[in-house]
Amino acid sequence: MDGNGRWAKSKGAERIFGHRNAITAVREVSEASAELGVKYLTLYAFSTENWGRPKTEVMGLMKLLVSTIRGEIKTLQKNNIRLRAIGALDNLPGSCQKELSEAIEQTKNNDGLTLVLALSYSGRWEITEAVKSIAEQVKSGELEASEIDDKLFSKHLSTRDFPDPELLIRTSGEMRISNFLLWQIAYTEIYITDKLWPDFRKEDLYEAILAYQNRERRFGRISEQVKT
Ligand code: IPE
Ligand code: MG
């Protein structure tokens, strides 16, 4: 979800104004995904690296997170959306952790869309955590090093309950991954739009999905193989 700062700047406003106006996009995309029958939607809301931003912006974002989760619970329930979160959640302020775990608990029986918030998250952090947990199991004799494979590794990631993404949408025209789901996006289709995140609406999601539907996913094989 990129481009909030630039959106605010284009309107001569403070960065936090852009973050506040990003909530509409979050609501639109979650609702549209639920309506379309998308099963998993992961929103990269706050990265490990974002902690390095000016203190006022970080604090503003955390406050916004608390009020948004609190305010959106009704919409989540209405749309049968189950909330989950990935990241170093212990690093979030206590109020955020509390609001988040309450929302997760309250929506846990919804079985429509699973909305995953990536908070204090980065792909490298997650991979490092997985390596640590695998190393512990090898050390304790629970696991043989020779048993480590792609599948086992995935089971040690915070996304263990979710499938790998089929489509990755990046807003604001940036041509980079910025430490998002590094392991999981090995074969994900990437869609980049110049739209700034606060301007992103249901129609923009439909456009991204239409583009995705015209891709040929070969997973390293050749066209003739995947057609049969
Ligand atoms: C994304 O928008 C929101 C967060 C990282 C929380 P940015 O704040 O990165 O917006 P730009 O890149 O400055 O436009
Ligand atoms: Mg940015």
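Attention here is on the structure that accompanies the text. (Residues numbered from 1 in each chain as written. Chains lettered and ligands numbered in written order. Predicted model: local features only at pLDDT ≥ 70, side-chain atom pairs only at ≥ 80, totals over all residues. Heavy atoms only, no water.)

### Thoughts on the pairing of strand β2 (residues 82-86)
Bridge analysis of β2 against strand β3 (residues 114-121) gives five bridges, and the strand direction is parallel. Bridging from a neighbouring strand, R82 pairs with T114 of β3. (Pairing = 2+ DSSP bridges. Helix = DSSP H or I, 4+ residues; strand = E, 2+ residues; numbered from the N terminus.)

### Re a nonpolar patch on the surface
On the surface, a nonpolar cluster with roughly 300 Å² of combined accessible area is contributed by M175, I190 and I192. Position of I190 relative to the elements: it lies in strand β5 (residues 189-192). (Patch = residues over 30% accessible without salt bridge, like charges linked within 9 Å, V, L, I, M, F, W, Y side chains within 5 Å. Areas by Shrake-Rupley, 256 points an atom, 1.4 Å probe, with all protein chains shown as cover. Salt bridge = Lys/Arg side-chain N within 4 Å of Asp/Glu carboxyl O.)

### So, the nonpolar core
L83, L100, L115, L119 and W197 are the most contacted members of the largest nonpolar core, which totals 30 residues. For this core, the elements supplying multiple residues, two or more each, are α3 (23-36), β1 (40-47), α4 (55-78), β2, α5 (94-106) and β3. Setting aside residues up to four positions removed in sequence, W197 forms contacts with M1, D2, G3, N4, A22, A25, V26, V29 and T171. Listed in part, the 10 residues of the second largest apolar core include Y44, I86, F162 and I185. (Core = buried A, V, L, I, M, F, W, Y, C linked by side-chain atoms within 4.5 Å. Buried < 20%, exposed > 50% of the residue type's maximum accessible area, 1.4 Å probe, protein only. Contact = heavy atoms within 4.5 Å.)

### Observations concerning helix α6 (residues 123-139)
Between its terminal C-alpha atoms α6 stretches 24 Å, which fits the 24 Å expected from 17 residues at 1.5 Å a residue. Along α6, the residues that are buried comprise G123, E126, A130 and I134. For α6, the arc enclosing every buried residue in end-on projection is 70 degrees, short of the 170-degree limit, so these residues lie on one face. Opposite its buried face, α6 presents the exposed residues R124, E136 and K139, each directed more than 90 degrees away. Buried residues along α6 sit against β3 and α7 (150-155). In the segment just after α6, G141 is the residue with positive phi, at about 85 degrees. (Expected span 1.5 Å × (residues − 1). Arc of directions from axis to C-beta.)

### A few points about the pattern of salt bridges
Enumeration over the complete set of coordinates arrives at 20 salt bridges. The closest approach of N and O atoms between K132 and E129, which form a salt bridge, is 3.0 Å. With K132 and E129 both in helix α6 and three residues apart, the pair spans about one turn of that helix. When its relative accessible area of 47% is taken as the criterion, K132 is described as partly exposed. Overall, the relative accessible area of 33% leaves E129 in the partly exposed class. Salt bridges here are not isolated pairs; linked through shared partners, they connect D2, R6, R170, E174 and R176.

### Re the sheet that holds β2
Taken together, the three strands give an open sheet; going across it, the order is β1-β3-β2, and neighbouring strands pair in parallel fashion. Because the sheet does not close on itself, it has two edges, and the strands there are β1 and β2. Looking at each pair of strands side by side, their axes are set apart by 20 degrees on average, direction ignored. Strand direction decides the pairing type here: β1 and β3, joined by seven bridges, are parallel. What sits directly across from F46, in β3, is L119. Taken strand by strand, α5 contacts β2 and β3, and its axis lies near 140 degrees from that of β2. (Axes fitted to C-alpha atoms, helices over the stretch in contact; angles between N-to-C directions.)

### Focus: the packing of aromatic side chains
The final tally for this structure, using the stated rule, is 10 aromatic pairs. Ring geometry for Y121 and W125: centres 6.2 Å apart, planes at 75 degrees, overall edge-to-face. Centre to centre, the rings of F153 and W183 are 4.4 Å apart; their planes meet at 35 degrees, and the pair counts as tilted. Of the two residues, F153 is situated in helix α7 and W183 in the loop between β4 (167-170) and β5; the sequence distance between them amounts to 30 residues. Of the residues examined, F153 reaches a relative accessible area of 11% and is grouped as buried. Of the residues examined, W183 reaches a relative accessible area of 27% and is grouped as partly exposed. Three or more aromatic residues link up through ring pairs in this structure, and these residues are Y44, Y121, W125 and F180. Here the guanidinium or amino end of K11 rests over the ring plane of W7, the centre of that ring lying 4.5 Å away. (Phe/Tyr/Trp six-rings, centres within 6.5 Å; stacked < 30°, edge-to-face > 60°. Lys NZ or Arg CZ within 6 Å of the ring centre and 35° of its normal.)

### Regarding the site of ligand 1
Near ligand 1 you find M1, D2, G3, N4, G5, R6, R15, H19, A45, N50, R53 and L61, and these make up its full shell. Measuring from an oxygen atom of ligand 1, one finds a side-chain N or O atom of R6 at 2.7 Å. Side-chain polar atom of R53 to an oxygen atom of ligand 1: 2.7 Å apart, as the coordinates give it. Burial of ligand 1 by the protein amounts to 86% of the accessible area it has alone, namely 380 Å². Where the shell around ligand 1 is concerned, the elements lending two or more residues are α1 (4-10) and α2 (15-20). Among the elements that line the shell around ligand 1, the one with the most residues is α1, at three residues. (Near = heavy atom within 4 Å. Polar contact = N/O pair within 3.5 Å; in protein donor to acceptor, adjacent residues only side chain to side chain.)

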